[in-house]
Amino acid sequence: MLASDPAILSTTQLPSPYPPDGAQSFIRDAMEGRRAGTTFVFAMMDGDLLVGTCGFKDVTGSPREAEAGYWVGKPYWGRGYASAALGLLLEFGFGELKLSKVRACCLTINARSLRVLEKSGFVGTHVNTEASGGNWEPTDRFAHFELYRSEWLKADGC
């Protein structure tokens, strides 16, 4: 139900309308990506309640890089879930996966997500109107960010 909320669908790459088997497909694809070592997805939980998801996709290269992504269900906005989850995700990525750089992207009008990325140490690199997937309009603008392992370690990652 959280993923099918129009507020979530308008700012993520989730399919819109969210299909009845969307969660099962997402989990199946995440498990295949995990086995391949290219995708690592985690559920954000509050006790037994699903709050959202976060993870890495496109884990590739030498040195290794990935793209971080997350979404939080609307009833849970403004409670720090995205910041906490992204912090743990970066710890996993830079620690366990030995990533050298993490990329992220969000709509320029998504002030909450922009703030989460900035608080986590990401630095803006550019803005454009092109992004893959999602339910985007040709005029939607995307802010792109990156965070290098060396900068994360200097800030508070150790």
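One structure accompanies this document, and this report is about it. Just so it is clear, the model here is predicted, and its values are computed rather than measured. (Residues numbered from 1 in each chain as written. Predicted model: local features only at pLDDT ≥ 70, side-chain atom pairs only at ≥ 80, totals over all residues. Heavy atoms only, no water.)

**Quick look at a nonpolar patch on the surface**
On the surface, Phe26, Ile27 and Met31 cluster together into a nonpolar patch covering about 270 Å² of accessible area. Inspection of the secondary structure assignment puts Met31 in helix α2 (residues 22–36). (Patch = residues over 30% accessible without salt bridge, like charges linked within 9 Å, V, L, I, M, F, W, Y side chains within 5 Å. Areas by Shrake-Rupley, 256 points an atom, 1.4 Å probe, with all protein chains shown as cover. Salt bridge = Lys/Arg side-chain N within 4 Å of Asp/Glu carboxyl O. Helix = DSSP H or I, 4+ residues; strand = E, 2+ residues; numbered from the N terminus.)

**Quick word on helix α4 (residues 111–119)**
When α4 is considered as a whole, its buried residues turn out to be Ser113, Leu114, Val116 and Leu117. Take α4 and look down its axis: the buried residues cluster within an arc of 160°, on one side only. Where the residues of α4 are buried, they touch β3 (65–72), α3 (81–96), β4 (101–107) and β6 (142–148). At the C-terminal side of α4, Gly121 shows a positive phi close to 100°. (Buried < 20%, exposed > 50% of the residue type's maximum accessible area, 1.4 Å probe, protein only. Arc of directions from axis to C-beta. Contact = heavy atoms within 4.5 Å.)

**Some details on the sheet that holds strand β1 (residues 40–46)**
An order of β1-β2-β3-β4-β6-β5 is seen for the six strands of this open sheet, with the pairing classed as mixed. This sheet does not close on itself; its edge strands, each paired only once, are β1 and β5 (123–128). On average, adjacent strands in this sheet sit at an angle of 25° to one another, irrespective of strand direction. Relative to β3, strand β2 (residues 49–60) runs antiparallel, the two sharing seven bridges. When the sheet's bridge partners are listed, Phe56 is paired in β3 with Ala68. Relative to the sheet, α2 contacts β1 and β2, its axis offset from that of β1 by approximately 130°. (Pairing = 2+ DSSP bridges. Axes fitted to C-alpha atoms, helices over the stretch in contact; angles between N-to-C directions.)

**Let's talk about the pattern of salt bridges**
In the structure shown here, the tally under the stated rule is four salt bridges. The partner of Glu65 in a salt bridge is Lys101, and the shortest N-O contact between them spans 4.0 Å. Here the residue Glu65 occupies a position in strand β3, and Lys101 occupies one in strand β4, the gap between them amounting to 36 residues. Between Glu65 and Arg103 there is a salt bridge, with its nearest N and O atoms 3.1 Å apart. You can see Glu65 sitting in strand β3 and its partner Arg103 sitting in strand β4, a full 38 residues away along the chain. Since its relative accessible area comes to 24%, Glu65 is described here as partly exposed. When salt bridges that share partners are traced, they join Glu65, Lys101, Arg103 and Glu146 into one network.

**Topic: the pairing of β2**
Relative to β2, β1 is paired through seven bridges, and the arrangement is antiparallel. When the sheet's bridge partners are listed, Phe42 is paired in β2 with Cys54. Counting the residues between successive antiparallel strands, the hairpin from β1 to β2 contains two residues, one of them, Gly47, with a positive phi of roughly 65°. The antiparallel pairing of β2 with β3 creates a hairpin that spans four residues between the two strands, and Gly61 there sits at a positive phi of about 85°.

**Description of α3**
The terminal C-alpha atoms of α3, which comprises 16 residues, lie 22 Å apart, in line with the 22 Å expected from a rise of 1.5 Å per residue. Within α3, the full set of buried residues consists of Tyr81, Ala82, Ser83, Ala85, Leu86, Leu89, Leu90, Phe92, Gly93 and Phe94. In the stretch just after α3, Lys98 is the one whose phi turns positive, near 60°. (Expected span 1.5 Å × (residues − 1).)

**Quick look at the side chain of Asn110**
Within the element layout of this structure, Asn110 appears in the loop between β4 and α4. We classify Asn110 as buried; its relative accessible area is 17%. Engagement of the side chain of Asn110 in a polar contact is seen with the backbone nitrogen of Ser113, the distance being 3.1 Å. (Polar contact = N/O pair within 3.5 Å; in protein donor to acceptor, adjacent residues only side chain to side chain.)

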